[in-house]
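Chain by chain, the residues:
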Amino acid sequence: MIANIIVDVPSRQTDRPFDYKVPKSLQPWIELGSRVGVPFGPRVLQGVVVGLAEESEYDHSKLKPIKELLDPEPPLLPDLIELSKWLSEKYCCSRIAALQIMLPSALKGKEVKYIALSGAEQEQAYANSAWLQALRQEDGAIKLEKLMAMFPEEHRSIKQALQQGLLTLSGKVKDRTGIKQVRMVLPPADPEAAREQLAALKKQARKQYEVLSYLLEHPEPIALAQLVAKLNTSSSVVQGLAGKELVRIEDVEQKRDPYRHRQFEPSSPLPLTELQRHVYERIVKEMERKSGQTMLLHGVTGSGKTEVYLQSIAQCLDSNRQAIVLVPEISLTPQMVERFKSRFGDAVAVMHSRLSDGERYDEWRKIRHGQARVVVGARSAIFAPFSSIGLIIIDEEHESSYKQDETPKYHARDVAVRRAKQHGAVVLLGSATPSLETFVAASRIPKGAAEAPLLSMPERVAGQAMPTVHIIDMRQELTQGNRSMFSSALYEALKQRLERQEQTVLLLNRRGYSTFVMCRSCGYTASCPHCDISLTYHQKTRLLRCHYCGHAEQEPKQCPQCESEHIRFFGTGTQKVEEELAKLFPGIRVIRMDVDTTTEKNAHEKLLKTFSERKADVLLGTQMVAKGLDFPYVTLVGVIAADTTLNLPDFRAAERTFQLLTQVAGRAGRHHLQGEVMIQTYNPEHYAVQAAAQHHYEQFIQQELELRMGMMYPPYCRLICITMSAERLDQLAEVSTRFVNELKEIAQYEGVLVPLQSRMARAMEILGPVASPLARIKDRYRYQCVIKYRGSIDASTLVERAMEPFVAGKTSKQVLFSVDVDPQVIV
DNA sequence: AGCACGCCGACT
DNA sequence: GTCGGCGTGCTC
């Protein structure tokens, strides 16, 4: 038997399966998805079995056998192996990178080298070496690393002995699993026999008597530590009992439950409204059809999407299938988790970035071994190792955090669609402000279906009115002489809330309000010496830092250029707002939520808790205050400057602004108190602002679609952005130009290099190379090339083919390529 | 990615 | 004469 194995080497040259013999002893164990240790050149590496065959094309005499099996059962299932192939092809990443993101990091094995005596006679030469003594005492192999650490002075002689063949090296793949083990005491297997011994113990072994009688009364397994503490005794007593075979002590794997300290009130399904029921029934029908259909649930904030999710999941579980729920990282709060845990109890696994490696591994195993049947998690939970998925829910579908920034730069929504096809599962995309791509796709009637997979819930559950939204024209404020960042209307409204002891949420878009240092005499701004970007000021550490490379320097006391003292930092918007609030309303209690105040673990949660307990009047923050929060006493939401995101040079700027404003407007008045929203802007007539104020999604989308059509942007085409970087600008210019020419040639040959405005079904335009908007990062210059295309073109493969002459070894490895398929931001 | 192999410069 | 620099190429 031959196994095709992807080895754990992140390089283009090794990015293909290698063939290995499967030793007889391992044959019953090796399956698709098995993780194995294999000899690769002089090393032993981790690898994943992606194929099994009888024969190999490769020279049979050169085939090596698999060295070891790393898990008793394969951590990856065949569907994920197939998905990894798709992922690597679509997102132009290596196969191993695609496989790695599917595994918890605890299963990323690394080679550990062992050293042992080979039993040669020349040992005499080293008879006096301390390390030889140590190795003799050690009965087998010892970790090389350990030996080197023990004898730092002897590296030379050890190396020499190795070369002479006196010592041998061997490698093994070691996991970082760190499974938490707990010593458990199991009650007597034969209580009758134990009872008979009890009397005898009473005299000579008082303590053993106490322990045994306790265990006979409470015949459940109990942690050794707990038992010892409870009966005020020591473990030797219990071990004595174990020696008499009256009880058993066993090491049991302990699953760390990050939510173990939390009590979850069980909840039961709520009655559905007419609208919810209709939607629910369509989802269930689609699940039964196993069509692999993607559906959009377009529901306004407060329309009760979550209850529909919960009941659909229940239905999915009833039919013996599993469900994945994706939630934006930022919304994955304990309250959010609670809603699922209280409905489905221990069947829920939770996955998010704040879990430790160990915790994440535990959750992952709960999924893999079937104890969990629902996973609630961020982006990467889309790879949960379920065997039969019935439903994948993606809440807040439009969120850009579903696209991963690092390689592989996948979009969880697109992976979900693909994975659902494999399982015949339904993808349910939920949002009050669906992305244009999703909305357009869901509006089409699929082949063979009666209606479009678009589900609408345009009304709030309890029939509360949507909050009143006021658009405030800041230009007028200025002409009336108000130079403050608060309009008089917002000021009055705030004052009123304070008097009524109601709460306010204030939103300030962060982008466009960076914290930079500028000299007011000469206009000098502090910028990173390694990147073309201004440094940001961190108040806590009083350092200037670069976001991209981590460079840090002291805050300047005077301008390095003109030596003026008029150099000052322009604080985060939120800091400035906080100061101004304190000036306008002395004694006002403000909670500021931004990167500075939420870096600590759980800081986010703590701040929100304080606010929900009404210990503050105002919650002031960036985007993060807009997401899914639900406070009954919030009756005013203010957006300080709606324009900051509007004016960004990004084709999605209007869409982002609309989404943000709509989200934040939904925060007000969700309960018995009527809510009010104030949006301050210098562009009051902008359609994104207008549509958000009127809660009018379709109006926005029509206008935006027209614009996108005119500019030829998604959803009317697809994009790929290729960024090339190099230390030397001349090399970069040369290679990038040749690459783009190569790409154009290939596209031409394929007959797709046609303007998008043409009437051809398949069209592709190649723009660039041009300097990237981030022209230099970490001392590397950056150029980019953007591909726009439409129709059935396998653009990723074209890019891969065009890159081939330029990667590793060939022309120059000084120029690095990074491919972003379906980029979220194009500047 | 590593690691070996291989071909050229400054030193015990 | 050797140690060691890092360019090139291979890993089933």
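What you see is a predicted model; the values in this text were computed from it and never measured.

Let us now look at the pattern of salt bridges. Applying the stated criterion across every chain yields a total of 36 salt bridges. For D71, the salt bridge identified is with R35, shortest N-O distance 2.9 Å. Highlighted residues: D71 in the loop between β6 (68–69) and α1 (78–90) and R35 in strand β3 (residues 35–40), separated in sequence by 36 residues. Comparing D71 with R35, the two get one shared label, buried. K615 is the partner of E613 in a salt bridge, and the nearest nitrogen-oxygen pair spans 2.9 Å. Judged by its relative accessible area of 37%, E613 is partly exposed. Since its relative accessible area comes to 49%, K615 is described here as partly exposed. Taken together, the shared-partner salt bridges in this structure form one network comprising K90, R718 and D822.

Residue pairs spaced three or four apart in an α-helix point in one direction, given the helix's 3.6 residues per turn. Every buried residue of helix α19 (residues 603–612) is accounted for by A603, H604, L607, L608 and F611. The buried residues of α19 occupy an angular sector of 130° when the element is viewed end-on, so they sit on one face. Residues of α19 that are exposed and point over 90 degrees away from its buried face: K606 and K609. Where α19 is buried, its residues touch β21 (503–507), β27 (590–593), β28 (618–621) and β29 (634–639). Positive backbone phi, at 60°, marks R614, one or two positions downstream of α19.

Here we come to the protein's contact with DNA strand B. If you check the shell around DNA strand B, you find V9, P10, S11, P42, R43 and K113 and nothing else. Here the atoms of DNA strand B within 4 Å of the protein split so that 56% fall in sugar or phosphate, with bases taking the remainder.

What the rule picks out here adds up to 14 aromatic pairs. Ring plane angle 90° and centroid distance 6.2 Å describe the contact between W86 and Y91, whose orientation is recorded as edge-to-face. With centroids separated by 5.1 Å and ring planes inclined at 65°, the aromatic side chains of F439 and Y697 adopt a geometry described as edge-to-face. On the criterion of sequence distance, the pair formed by F439 in helix α15 (residues 436–443) and Y697 in helix α23 (residues 697–711) is long-range, its members being 258 residues apart. On the accessibility criterion, Y697 (6% relative accessible area) is buried. An aromatic cluster of three or more residues is present, and its members are F439, F658, Y687, Y697 and F700. Here the basic side chain of R365 rests over the ring of Y361, its NZ or CZ set 4.6 Å away from the ring centre. K788 extends its terminal NZ or CZ atom over the ring of Y713, reaching a point 4.2 Å from the ring centre.

Mapped onto the present numbering, the UniProt feature "binding site: Zn(2+) 2" (unreviewed entry) falls at C528, C531, C546 and C549. Judged by maximum C-alpha separation, these annotated positions cover 22 residues in sequence but sit close together in space, the widest gap being only 8.7 Å. Positionally, C528 belongs in the loop between β22 (516–519) and β23 (536–538). Other than its neighbours up to four places away in sequence, C528 contacts I533, L535, C546, C549, H551 and R776. With respect to the helices and strands, the residue C546 is situated in the loop between β24 (543–545) and β25 (552–554).

Within the secondary structure, R321 is located in the loop between α11 (305–318) and β14 (322–326). One buried charge, R321, has no salt-bridge partner; the nearest side chain with opposite charge is E288, at 8.6 Å. Separated by 2.9 Å, the side chain of R321 and the backbone oxygen of G424 make a polar contact.

On to the protein's contact with DNA strand C, then. Near DNA strand C, the surroundings consist of 14 residues, among which D19, F40, G41, Y58 and K64 are the closest. The sugar-phosphate backbone supplies 41% of the atoms of DNA strand C found within 4 Å of the protein. A distance of 2.6 Å separates a base oxygen of DNA strand C from a polar atom in the backbone of D19. Within the contact set of DNA strand C, a phosphate oxygen lies 3.4 Å away from a side-chain nitrogen or oxygen of Y20. Contributing elements (two or more residues each) for the surface near DNA strand C: β2 (18–21) and β3. Considering every element that reaches the surface near DNA strand C, the biggest residue donor is β2, with three residues. Split into classes, the residues belonging to the surface near DNA strand C amount to six nonpolar, three polar and five charged.

Here we come to the sheet that holds β23. As summarised here, the arrangement of the three strands in space is β23-β24-β25, forming an open sheet in which the pairing is antiparallel. Lying at the two open borders of the sheet, with one neighbouring strand each, are β23 and β25. On average, adjacent strands in this sheet sit at an angle of 35° to one another, irrespective of strand direction.

We now examine the packing of helix α10 (residues 274–289) against α11. In a packed pair of helices, the relevant descriptors are the angle between the two axes and the axis-to-axis distance. Packing of α10 against α11 brings their axes to within 10 Å, and their N-to-C directions diverge by 30°. Of the two possible hands of crossing, α10 and α11 adopt the one that is right-handed. In this structure, α10 contributes Q276, V279, Y280, I283, V284 and M287 to the contact, and α11 contributes E307, V308, Q311, S312, Q315 and C316. Its residues assigned to classes, the contact of α10 with α11 shows seven nonpolar, four polar and one charged.

Listed under "binding site: Zn(2+) 1" (unreviewed entry) in the UniProt record, and renumbered for this structure, are C519, C522, C559 and C562. The annotated residues occupy 44 residues of the chain but converge on a single region, no pair of C-alpha atoms lying more than 8.6 Å apart. Summarising the element assignment, C519 is placed in strand β22. Residue classification places C519 among the buried positions, given a relative accessible area of 1%. Among all residues touching C519, those that are not within four sequence positions of it are Y524, C559, C562, S564, H566 and I567. Relative to the elements of secondary structure, C559 occurs in the loop between β25 and β26 (567–570). Overall, C559 belongs to the buried group, its relative accessible area being 1%. Apart from the residues within four sequence positions on either side, C559 is in contact with C519, C522, Y524, S564 and I567.

A word on unusual backbone geometry. Leaving glycine out, the prevailing phi sign among residues is negative, and the prevailing peptide bond configuration is trans. The residue after T407, namely P408, is reached through a cis peptide bond having omega -10°. Summarising the element assignment, P408 is placed in the loop between β17 (389–395) and α14 (412–423). In this chain, P714 is followed by P715 through a cis amide linkage whose omega measures 10°. You can see P715 is positioned in the loop between α23 and β31 (718–726). Phi at Q501 is positive, roughly 55°, even though this residue is not glycine. On the basis of relative accessible area, Q501 is assigned to the exposed category, the value being 59%.

Thresholds applied
Residues numbered from 1 in each chain as written. Chains lettered and ligands numbered in written order. Predicted model: local features only at pLDDT ≥ 70, side-chain atom pairs only at ≥ 80, totals over all residues. Heavy atoms only, no water. Salt bridge = Lys/Arg side-chain N within 4 Å of Asp/Glu carboxyl O. Helix = DSSP H or I, 4+ residues; strand = E, 2+ residues; numbered from the N terminus. Buried < 20%, exposed > 50% of the residue type's maximum accessible area, 1.4 Å probe, protein only. Arc of directions from axis to C-beta. Contact = heavy atoms within 4.5 Å. Near = heavy atom within 4 Å. Phe/Tyr/Trp six-rings, centres within 6.5 Å; stacked < 30°, edge-to-face > 60°. Lys NZ or Arg CZ within 6 Å of the ring centre and 35° of its normal. UniProt positions renumbered as here; feature names shortened; annotations may be inferred. Lys, Arg positive; Asp, Glu negative; His and termini not counted. Polar contact = N/O pair within 3.5 Å; in protein donor to acceptor, adjacent residues only side chain to side chain. Nonpolar A, V, L, I, M, F, W, Y, C, P; charged D, E, K, R; others polar. Pairing = 2+ DSSP bridges. Axes fitted to C-alpha atoms, helices over the stretch in contact; angles between N-to-C directions. Left-handed = near helix turned anticlockwise from the far one by under 90°.

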